[in-house]
Amino acid sequence: MKIIGIYIVLALLTLGMIVSVDMISGTSLTRSLHSVTASFATTTFPEACCMIAFAVLPVLFAAADLIRPRKSTRK
């Protein structure tokens, strides 16, 4: 579960950096967020599939780690 939290924090930090650089350059907040969504709107279907796959893989690995039974290391 920690790994999902780390990915969420990294995603929020990245979005914050993008928005803060835009705001420093004089772009308004709504225009900055619109530019982020517009960049995703211009992607092709294969690019979108790759982006979704890379976003979902950490969640799948974390879920599989929670489901998998743990082996005791003590004897």
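Just so we're clear, the structure is a prediction, and the values are computed from it rather than from any experiment. (Residues numbered from 1 in each chain as written. Predicted model: local features only at pLDDT ≥ 70, side-chain atom pairs only at ≥ 80, totals over all residues. Heavy atoms only, no water.)

The next subject is the layout of surface pockets. Approximately 240 Å³ is the volume found for the largest pocket. Contributing to the lining of the largest pocket are Ile4, Tyr7, Ile8, Ala11, Phe54, Ala55, Pro58 and Val59. Mapped onto the lining of the largest pocket, the elements with two or more residues apiece are helix 1 (2-24) and helix 3 (45-67). For the lining of the largest pocket, the class distribution of residues is 8 nonpolar, no polar and no charged. (1 Å grid on protein atoms, 1.4 Å probe; cavity = no way out; pocket = protein on both sides within 12 Å on 5 of 7 lines; lining within 4 Å. Points joined across faces, edges and corners; volume = space filled by probe spheres on them. Helix = DSSP H or I, 4+ residues; strand = E, 2+ residues; numbered from the N terminus. Nonpolar A, V, L, I, M, F, W, Y, C, P; charged D, E, K, R; others polar.)

What follows deals with the side chain of Asp22. Turning to its location among the elements, Asp22 is positioned in helix 1. Polar side-chain contacts of Asp22 include one of 3.0 Å to the side chain of Ser32. Every residue in contact with Asp22, bar those within four places of it in the chain, is listed here: Thr27, Ser32 and Ser35. (Polar contact = N/O pair within 3.5 Å; in protein donor to acceptor, adjacent residues only side chain to side chain. Contact = heavy atoms within 4.5 Å.)

For any two helices packed against each other, one specifies the crossing angle of their axes together with the interaxial distance. Across the interface, helix 1 lies against helix 3 with an axial gap of 9 Å and an inter-helix angle of 160 degrees. Considering their axes alone, helix 1 and helix 3 lie roughly antiparallel with respect to each other. The two elements helix 1 and helix 3 meet at a crossing, and its hand is left-handed. Across from Ile3, Ile4 and Tyr7 in helix 1, the residues of helix 3 making contact are Pro58, Val59 and Ala62. Of the residues belonging to the contact of helix 1 with helix 3, the class tally is 6 nonpolar, no polar and no charged. (Axes fitted to C-alpha atoms, helices over the stretch in contact; angles between N-to-C directions. Parallel < 35°, antiparallel > 145°, perpendicular 65-115°, else oblique. Left-handed = near helix turned anticlockwise from the far one by under 90°.)

Any functional reading would require information beyond the geometric quantities listed.
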